[in-house]
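Listed here are the chains, written in short residue letters.
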Amino acid sequence: MNWRSSSDLTSDLDELCINTLRFLSVDAVQKANSGHPGLPMGAAPMAYVLWTHFLKHNPANPGWVDRDRFILSAGHGSMLLYALLHVTGYGVPLEQIEQFRQWGSITPGHPERGLTPGVEMTTGPLGQGFGNGVGMAMAEAHLAARYNRAGFDIIDHFTYAIVSDGDLMEGIASEAASLAGHLKLGKLIYLYDDNRVTLSAASGIAFTEDRAQRFDAYGWHVESIDDGNDVRALDEALHAARAESTRPSLIVVRTHLGYGSPNKQDTFEAHGSPLGSEEVRLTKRNLGWPENPPFFIPDAALTHFRRAVERGTRAEAAWTSRYSAYAQAFPDLARELEQVIAGDMPANWDEDIPLFPADDKGIATRVASGKVMNAIAPRMPALIGGSADLDPSTYTALTGMGDFEPPGANALDREGSAGGGWSFAGRNVHFGVREHGMGAILNGLAAHGATVPFGATFLIFSDYMRPPIRLAALMELHVIYVFTHDSIALGEDGSTHQPVEQLAGLRSVPRLIVIRPCDANETAVAWRVALESRHRPVALILTRQPVPTLDRRRFASADGLRRGAYVLLDARDGKPELILIATGSEVTLAVAAASKLLAQQVQVRVVSMPSWKLFDAQPVEYREAVLPPSVTARLAVEAGASQGWHRYVGNRGDVLGVDRFGASAPGDVLLREYGFTVDSVCRRAFAMLQ
Ligand SMILES: Cc1ncc(C[n+]2csc(CCOP(=O)(O)OP(=O)(O)O)c2C)c(N)n1
């Protein structure tokens, strides 16, 4: 056995610790017979230096608000993170390392927020973690600008990530990096694991740009390290990155995938499968590590890593005492900060939400949404967000609440500003034309905590942000999406801009609440639901065109939206022979058709169904009261794909939907041409009744 005694190794503690991380990863992947050993083996030194020399964290309290955030963006290297969490003293016992990737373990194949103490973000889809970190750094900058006072840097932490070739290749990283550079996020520091190997090949087969120059052009501070095992160089580069206050930092670290493996280092074979027991043996021998037992952690290494617990406890205690002094000096600010951190709604947060008077002409639900948001924002400090360059169309600007822009730029007269000045305290984020990046940044903002982020674009472009929407739902993040221009009725922009299948797609995402309100007052209730849904993302689907504001003395209260679907207008004695189910702008059409049907003695009920998911969560008694099983003549009316509606209309029901692409023409013409008319609704209704 090529093994030095532990007394020799104390003189080389760094190496001992680094190899501990490496071989915990190697052994766990080998035991699971599944996973990625290569990245942890190469990136262990940078992780070690960051976690032992710099990272401000408290393993005893992974939720400490002012901890540094760390994201392993290359989530396939998850064992590196689990190894770090175990050795530094988080609630990740060695048995969990041994249960890597197994049923019921807290060490899944890719890191999952909420499952494993200390895992900040769910990563694995490459590039997402890169974008998340930008959101976290924005949250930090925002909260610091709003709540810190001279002598009291209550919010003051860094956001770190380890990012890989794959992360940098994904387009989302370009969007997020570009915005981070523009915003001058000086406390964002990424270590780039430049191992030049990906899953299927050497990265040079597809990825040859000069990464350092690329990030330099984004306005980042770039450091380069030739030898990824050089602990001192890593230390110096991290010092330099932390000293840089107005540019995000990328530290390009030349590493070797599968470092130490005699036959697999620098090959893609070390990337995504176990080394194999013979190669594990050779690698251990090569790096001077005992072949047995597996999952070996030398005492000296563990003691060194575990200092994190004491350091973290001290750091948090010092912070807590500073915070107490702050709370005494600034009680109102402290109260507000505590409340946003807790995620509680302020008292009277909804007091100014308008009640919209009945109006046949009405307003677009996007316009109603803008009014509601602006009524809420002054009372709800956690609300922050913006659009992907569509503020004038999505009505999502929070007037006078400031623009989230780097400090020092005075742009009161800048076109497009929401008013209130430029600073990190601004609550209007200008994401630029970067929907994918926006989605990941929203997740980072939400996961950081103390913010309730929203992001807006046209419904059609929700397609550009599906990966982060899915991850928001997976992570139970409170993110609000404002998707406007919700159907072919948007008109002249034509088929490229007219959503068809997007509603069906969003509705199929588990946990995501999709709400398509029918008028201004339902929109107001939709916003209430969105803000109250603390552990789920919510997508609001809004019209471009005006829709009548229903007279709620004649129709049921818009509060029915809370239950997903409700009887808006009922048949005589509550005994319908026909049910029209509609959402959003098509509710008005259903109501108009119902008038005509009533005139012809058809007993019709109109159900407004803004949210399938909220409805599905109701008790069966309620659902059957709204849609009685005995009434089989049911017509769903929605200007979107019909997919899924048969669940509500049944085999004998019918769906008036849009199952082809749209076209360029005025919206009312399109609706007519696509059959969204009173006559065609009545015709279909009669066909069912016969
Ligand atoms: C969006 C996305 N596409 C594809 C994959 C599948 N995948 C996992 S790792 C990987 C290659 C990663 O190479 P690199 O980022 O350099 O990681 P390393 O080889 O250093 O482990 C790929 C393509 C993924 N996880 N996410």
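None of the values given here were measured: they were computed from a predicted structure. (Residues numbered from 1 in each chain as written. Predicted model: local features only at pLDDT ≥ 70, side-chain atom pairs only at ≥ 80, totals over all residues. Heavy atoms only, no water.)

Chemist: I'm lost on the overall build of the chain in this one. Help?
Modeler: Helix and strand counts for the chain stand at 25 helices and 20 strands. The C-alpha atoms of the chain give 28 Å as radius of gyration, which agrees with the globular expectation for 690 residues (26 Å, within 12%). Principal-axis analysis of the C-alpha atoms places the extent of the chain at approximately 95 × 55 × 45 Å. Residues counted as buried form 60% of the 690 residues belonging to the chain. Look at the contacts in the chain between residues 6 or more apart in sequence, and 76% of them connect residues 24 or more apart. Across the chain, the centroid of the 63 positively charged side chains sits 5 Å from that of the 78 negatively charged ones. (Helix = DSSP H or I, 4+ residues; strand = E, 2+ residues; numbered from the N terminus. Rg over C-alpha atoms; globule rule 2.2 N^0.38 Å. Buried < 20%, exposed > 50% of the residue type's maximum accessible area, 1.4 Å probe, protein only. Contact = heavy atoms within 4.5 Å. Lys, Arg positive; Asp, Glu negative; His and termini not counted. Charge placed at Lys NZ, Arg CZ, Asp CG, Glu CD.)

Chemist: Whenever I open this one, the sheet that holds strand 18 (residues 604-608) confuses me. Can you help?
Modeler: Strands belonging to one sheet form pairs held by backbone hydrogen bonds; the direction of such a pair is parallel or antiparallel. Taken together, the five strands give an open sheet; going across it, the order is 16-18-17-19-20, and neighbouring strands pair in mixed fashion. Here the strands that pair on one side only, and so sit at the sheet edges, are strand 16 (566-569) and strand 20 (654-656). With direction set aside, neighbouring strand axes in the sheet form an average angle of 30°. Bridge count between strand 17 (residues 578-582) and strand 18: five bridges; the pairing is parallel. The residue bridging Leu 580 from the neighbouring strand is Val 606, located in strand 18. (Pairing = 2+ DSSP bridges. Axes fitted to C-alpha atoms, helices over the stretch in contact; angles between N-to-C directions.)

Chemist: Quick question: what am I supposed to make of helix 6 (residues 128-147) here?
Modeler: In an α-helix, one full turn covers 3.6 residues, which means residues spaced three or four apart are oriented alike. With 20 residues, helix 6 ought to run about 28 Å at 1.5 Å a step, and its terminal C-alpha atoms sit 28 Å apart, in line with that. Where burial is concerned, most of helix 6 is hidden: 19 out of the 20 residues are buried. (Expected span 1.5 Å × (residues − 1).)

Chemist: I would appreciate a short explanation of the packing of helix 3 (residues 38-54) against helix 4 (residues 78-88) in the present structure.
Modeler: Each pair of packed helices gets described by two things: the angle between the helix axes and the distance between those axes. Packing of helix 3 against helix 4 brings their axes to within 10 Å, and their N-to-C directions diverge by 40°. The angle between helix 3 and helix 4 places the two elements in the oblique class. In the packing of helix 3 onto helix 4, the handedness of the crossing is right-handed. Residues Leu 39, Pro 40, Ala 43, Ala 44, Ala 47 and Trp 51 of helix 3 touch helix 4, and the partners they reach there are Leu 80, Leu 81, Leu 84, Leu 85 and Thr 88. Residues that form the contact of helix 3 with helix 4 fall into these classes: 10 nonpolar, one polar and no charged. (Parallel < 35°, antiparallel > 145°, perpendicular 65-115°, else oblique. Left-handed = near helix turned anticlockwise from the far one by under 90°. Nonpolar A, V, L, I, M, F, W, Y, C, P; charged D, E, K, R; others polar.)

Chemist: Even after reading the chapter, I still don't get helix 19 (residues 520-532), so can you show me in this structure?
Modeler: Counted at 1.5 Å a residue, the expected span for helix 19 with its 13 residues is 18 Å, and the 19 Å between its end C-alpha atoms agrees. Most of helix 19 sits out of view: 11 of its 13 residues are buried. Where helix 19 begins, the capping side chain belongs to Asp 519, and its oxygen is found 3.2 Å from the backbone nitrogen of Asn 521. (Polar contact = N/O pair within 3.5 Å; in protein donor to acceptor, adjacent residues only side chain to side chain.)

Chemist: Just to check I follow, could you spell out the site of the ligand for this structure?
Modeler: By nearness alone, 16 residues border the ligand, and His 76, Ser 164, Gly 166, Asn 195 and His 271 come closest of all. Note that an oxygen atom of the ligand is positioned 2.7 Å from one of the side-chain N or O atoms of His 76. In this structure, an oxygen atom belonging to the ligand sits 2.8 Å away from a main-chain N or O atom of Val 197. Protein chains bury 75% of the 580 Å² of accessible surface belonging to the ligand in isolation. When grouped by side-chain class, the residues that make up the shell around the ligand number six nonpolar, seven polar and three charged. (Near = heavy atom within 4 Å. Areas by Shrake-Rupley, 256 points an atom, 1.4 Å probe, with all protein chains shown as cover.)

Chemist: How should the sheet that holds strand 8 (residues 403-404) be read in this particular structure?
Modeler: The strand order across the open sheet built from eight strands is 9-8-10-7-11-12-14-13, with neighbouring strands paired in parallel fashion. In this open sheet, the two edge strands, each paired with only one partner strand, are strand 9 (422-423) and strand 13 (513-515). Bridge count for strand 7 (residues 383-387) against strand 10 (residues 428-430) is three bridges, and the pairing is parallel. Looking at strand 10, one finds that Gly 385 is bridged to Asn 428. Contacting strand 7, strand 11 (452-458) and strand 12 (480-484), helix 16 (residues 435-448) crosses the sheet at an angle of about 165° to strand 11.

Chemist: Where do I start with the pairing of strand 17 in this structure?
Modeler: Every other side chain in a regular strand lies on the same face of the sheet, so the side chains alternate between the two faces. In terms of burial, strand 17 is largely enclosed, as five of its five residues are buried. Neither face of strand 17 is open: one carries Leu 578, Leu 580 and Ala 582, the other Ile 579 and Ile 581, and all of them are buried. Following the backbone out of strand 17, through helix 20 (residues 586-599) and into the adjacent parallel strand 18, one traces a crossover that is right-handed. In this sheet, strand 19 (residues 634-637) lies alongside strand 17 in parallel orientation, the contact comprising four bridges. From the neighbouring strand, Leu 580 faces strand 19, where its bridge partner is Leu 635. (Right-handed = clockwise from strand over helix to strand, strands pointing away.)

Chemist: Help me out: how do you make sense of the pattern of salt bridges in this one?
Modeler: In a structure, side chains of opposite charge can pair up when their charged atoms sit close to one another. On inspection of all chains with the given rule, the structure shows 31 salt bridges. Salt bridges sharing common partners tie together Asp 165, Asp 194, Arg 196 and Arg 211. (Salt bridge = Lys/Arg side-chain N within 4 Å of Asp/Glu carboxyl O.)

Chemist: Is there a simple way to explain a negative patch on the surface in this structure?
Modeler: On the surface, a cluster of negative charge is made up of Asp 226, Asp 227, Asp 230 and Glu 236. Positionally, Asp 230 belongs in the loop between strand 4 (221-225) and helix 10 (231-243). Residue Asp 230 is classed as partly exposed on the basis of its relative accessible area of 31%. (Patch = residues over 30% accessible without salt bridge, like charges linked within 9 Å, V, L, I, M, F, W, Y side chains within 5 Å.)

Chemist: Please explain the side chain of Ser 249 as it appears in this structure.
Modeler: Inspection of the secondary structure assignment puts Ser 249 in strand 5 (residues 249-254). The exposure class of Ser 249 is buried, given its relative accessible area of 0%. Ignoring any residue separated from it by four or fewer positions in sequence, one finds Ser 249 in contact with Leu 188, Ile 189, Tyr 190, Trp 220, His 221, Ala 241 and Glu 244.

Chemist: How should the packing of aromatic side chains be read in this particular structure?
Modeler: In this description, an aromatic ring pair is defined by two values, namely the gap between the centres and the angle between the planes. For the structure shown, the criterion picks out 28 aromatic pairs. We note Arg 211 situated over the ring of Phe 207; from NZ or CZ to the ring centre the distance is 4.1 Å. A cation sits over an aromatic face here: Arg 507 above Trp 612, 4.2 Å from the ring centre. (Phe/Tyr/Trp six-rings, centres within 6.5 Å; stacked < 30°, edge-to-face > 60°. Lys NZ or Arg CZ within 6 Å of the ring centre and 35° of its normal.)

Chemist: Looking at this structure, I do not really get the nonpolar core. What am I missing?
Modeler: One broad rule of soluble globular proteins: the nonpolar side chains tend to lie buried together. Grouped together as the largest cluster of nonpolar side chains are 60 residues, with contacts concentrated most on Leu 21, Trp 51, Phe 70, Leu 80, Tyr 160, Leu 238 and Ile 251. No other element matches the 11 residues that helix 3 contributes to this core. Every residue in contact with Trp 51, bar those within four places of it in the chain, is listed here: His 57, Phe 70, Leu 81, Leu 84, Leu 85, Thr 88, Tyr 90 and Arg 311. Membership of the second largest hydrophobic core comes to 57 residues, among which are Ala 177, Leu 185, Ala 447 and Phe 483. (Core = buried A, V, L, I, M, F, W, Y, C linked by side-chain atoms within 4.5 Å.)

Chemist: Explain the state of the cysteines to me, please; I cannot follow it from the model alone.
Modeler: Simply put, the disulfide is a covalent bond whose two ends are the sulfur atoms of two cysteines. Summed over all chains, the structure comprises zero disulfides. A disulfide-free cysteine, Cys 518 has its sulfur positioned 19 Å from the sulfur of Cys 682, the nearest such atom. On the accessibility criterion, Cys 682 (4% relative accessible area) is buried. (Disulfide = S-S within 2.5 Å.)

Chemist: Looking at this model, I keep getting lost on the environment of Phe 215. Mind explaining?
Modeler: Relative to the helices and strands, Phe 215 is located in helix 9 (residues 211-217). Linking Phe 215 and Ala 177, residues 38 residues apart in sequence, is a C-alpha distance of 7.6 Å. Other than its neighbours up to four places away in sequence, Phe 215 contacts Phe 130, Leu 168, Ala 177, Trp 220, Val 222 and Leu 250.

Chemist: How do you make sense of unusual backbone geometry when you look at a structure like this?
Modeler: Leaving glycine out, the prevailing phi sign among residues is negative, and the prevailing peptide bond configuration is trans. Across the junction of Asn 292 and Pro 293, the peptide omega takes the value -5°, indicating a cis bond. Assignment of secondary structure puts Pro 293 in the loop between helix 11 (277-286) and helix 12 (299-329). Here Asn 33, not a glycine, exhibits a phi torsion of approximately 60°, which is positive. Structurally, Asn 33 is set in the loop between helix 2 (13-32) and helix 3. In this structure, Phe 295 is a non-glycine residue whose phi angle is positive, near 60°.

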